[in-house]
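# Tertiary structure, described
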Amino acid sequence: MSADRETNHGMTSHDRTSRDMTSHDRTSHDMTGHDMTHTDVAFLLADAADEVEIGIAPYDAVIRGGRRRKARRWAVATATALVLVGSAGTLAVAGLPGGSEGRGAQVATQAPTPSVQNVYTPERTMLATGTDGNQEWWVTLDVWPAPRDAGEAQAQWEALGAYGSLPVDKASDLIGKSAYFVSRTYGDGDTAVTMFDVFNENSPDSGKDLQSAAIPLDPADSGPNRLVIGQVAPTAKEVTCTWKNGMRTTLHTTPDNETLDTDVPAIRPAAKSPVNWFVCVAPEGTEYKSVGVTK
């Protein structure tokens, strides 16, 4: 306790009453004259403090209250984030910077539902195009999203049936794995599925790992095997196709920030594919001998 409070306790009721009247007179004068000074304000504050009983602060209650307020702030921030994530528009929240008391704040009544994944449609990438004599040909890659659970896997399994080929033995084998189909078309002929599987631990992931297939350029033709389609690790910089006549075709990675026309042989990335792809065609009159990552 301060010395002032101890002095106050020693005052008689007459002295206190006299002082209170003096304070009242001073206050009346100040209210009517509108010329209250800083000194007058200090006296009024001191008088008010004398009438307050001071006890021990409820420390535990203060700490608990502070924790509750902090928890409420976190809850409000979380609800706001949920609304913003789940809404395509903007949200003004009363009480937050930029909010308006005149506009009613929208309240999140429930958390947004998990996004629904489309497992029925693959992403297609054109890997290569060209002309053989007077016939155009092209090679495409379709990559299907990896199902997240048994329900999505079963739905995708049924959709894959339209291809006429299934990359795994049962629907559950699709969970967590992306399926792919490589198809080729020659002239006015039908499109034929050439390669299909799921990306897994056997997919090229480093060094000179490579998977490829050598097939006729025209699906309706039984040979020679002039078309080579393959996948390599993203680290591969160069692939060389060697033909039986001794000639070679060398392909390099697509330059950064540059898109090459699909009629230019190259190592290319593909949408949703963890590996890169290449396509090379042997000159007419010869066919495939070997292929490998040379850089």
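Scope of this entry: the structure provided in the associated data block. (Residues numbered from 1 in each chain as written. Predicted model: local features only at pLDDT ≥ 70, side-chain atom pairs only at ≥ 80, totals over all residues. Heavy atoms only, no water.)

## Details of the sheet that holds strand S10 (residues 288-293)
Backbone hydrogen bonds are what pair the strands of a sheet, in a parallel or an antiparallel way. Read across the open sheet, the three strands follow the order S8-S7-S10; overall the sheet is antiparallel. Both outer strands of the open sheet, strand S8 (248-252) and S10, are each paired with one neighbouring strand and no more. Pairwise comparison of adjacent strand axes, ignoring direction, gives a mean angle of 15° for this sheet. Pairing between strand S7 (residues 238-243) and S8: five bridges, direction antiparallel. Its bridge partner lying in S8, Thr240 is registered against Thr250. (Pairing = 2+ DSSP bridges. Helix = DSSP H or I, 4+ residues; strand = E, 2+ residues; numbered from the N terminus. Axes fitted to C-alpha atoms, helices over the stretch in contact; angles between N-to-C directions.)

## A word on the state of the cysteines
Defined simply, a disulfide is a covalent bond joining two cysteines at their sulfur atoms. Going through the model one piece at a time under the given rule, you end up with one disulfide. Each sulfur in the disulfide pair Cys241 and Cys280 lies 2.0 Å from the other. Here the S-S torsion is close to -75°, and the disulfide linking Cys241 with Cys280 is therefore left-handed. Of this pair, Cys241 sits in strand S7 while Cys280 is found in strand S9 (residues 276-281), placing the two residues 39 residues apart along the sequence. We note that Cys241, like Cys280, is buried. (Disulfide = S-S within 2.5 Å. Buried < 20%, exposed > 50% of the residue type's maximum accessible area, 1.4 Å probe, protein only.)

## Some details on helix H5 (residues 150-160)
All of the buried residues in H5 are Glu152, Ala153, Ala155, Gln156, Trp157 and Leu160. Check the buried side of H5 and you find it contacts strand S3 (179-186). For H5, the N-terminal cap is Asp149; the gap from its side-chain oxygen to the backbone nitrogen of Gly151 is 3.2 Å. (Contact = heavy atoms within 4.5 Å. Polar contact = N/O pair within 3.5 Å; in protein donor to acceptor, adjacent residues only side chain to side chain.)

## Digging into the nonpolar core
Grouped together as the largest cluster of nonpolar side chains are 20 residues, with contacts concentrated most on Val139, Leu141, Val182, Ile229, Trp277 and Val279. Broken down by secondary-structure element, the contributors of at least two residues to this core are strand S1 (123-132), strand S2 (135-143), S3, strand S5 (210-215), strand S6 (227-232) and S9. It is S2 that provides the largest number of residues to this core, a total of four residues. In this structure, Val279 is in contact with Leu127, Ala128, Trp137, Val139, Leu227, Val228, Ile229, Leu251, Pro265 and Ala266, ignoring residues within four places of it in sequence. (Core = buried A, V, L, I, M, F, W, Y, C linked by side-chain atoms within 4.5 Å.)

## Remarks on the environment of Phe196
Tracing the backbone through its elements, the reader meets Phe196 in strand S4 (residues 192-198). Judged by its relative accessible area of 37%, Phe196 is partly exposed. Measuring from C-alpha to C-alpha, the distance between Phe196 and Ser165 comes to 7.9 Å, with 31 residues separating the pair along the chain. In contact with Phe196, not counting residues within four places along its chain, are Ser165, Leu166, Pro167, Tyr180 and Phe181.

## Things to note about the environment of Asn245
In this fold, Asn245 is placed in the loop between S7 and S8. Taking the C-alpha atoms as reference points, Asn245 and Glu287, separated by 42 residues in sequence, lie 7.8 Å from one another. Within the structure, Asn245 has its side chain in polar contact with the backbone nitrogen of Met247 (distance 3.0 Å).

## Examining the side chain of Thr185
With respect to the helices and strands, the residue Thr185 is situated in strand S3. Among all residues touching Thr185, those that are not within four sequence positions of it are Glu136, Trp137, Trp138 and Thr191.

## Remarks on the packing of aromatic side chains
Aromatic ring pairs are reported here in terms of the distance separating the ring centres and the angle at which the planes meet. Under the definition given, this model contains three aromatic pairs. With centroids separated by 5.5 Å and ring planes inclined at 70°, the aromatic side chains of Tyr180 and Trp277 adopt a geometry described as edge-to-face. Taken as a pair, Tyr180 in strand S3 and Trp277 in strand S9 lie far apart in primary sequence, 97 residues in all. Given a relative accessible area of 3%, Tyr180 falls into the buried group. For the pair Phe181 and Phe196, a centre-to-centre distance of 5.8 Å together with 15° between the ring planes defines the contact as stacked. You can see Phe181 sitting in strand S3 and its partner Phe196 sitting in strand S4, a full 15 residues away along the chain. (Phe/Tyr/Trp six-rings, centres within 6.5 Å; stacked < 30°, edge-to-face > 60°.)

## With respect to the side chain of Asp132
Along the polypeptide, Asp132 turns up in strand S1. Using a relative accessible area of 15% as the deciding quantity, one classes Asp132 as buried. Among the polar contacts listed, one links the side chain of Asp132 to the side chain of Arg226, at a separation of 3.1 Å. Residues in contact with Asp132, not counting those within four places in the same chain, are Trp137, Tyr186, Leu217 and Arg226.

## Side note on the pairing of S1
Sheet topology places S1 next to S2; nine bridges connect them, and they run antiparallel. Paired with Thr131 across the bridge in S2 is Glu136. Taking the residues between adjacent antiparallel strands as the criterion, S1 and S2 are bridged by two residues, where Gly133 takes a positive phi near 70°.

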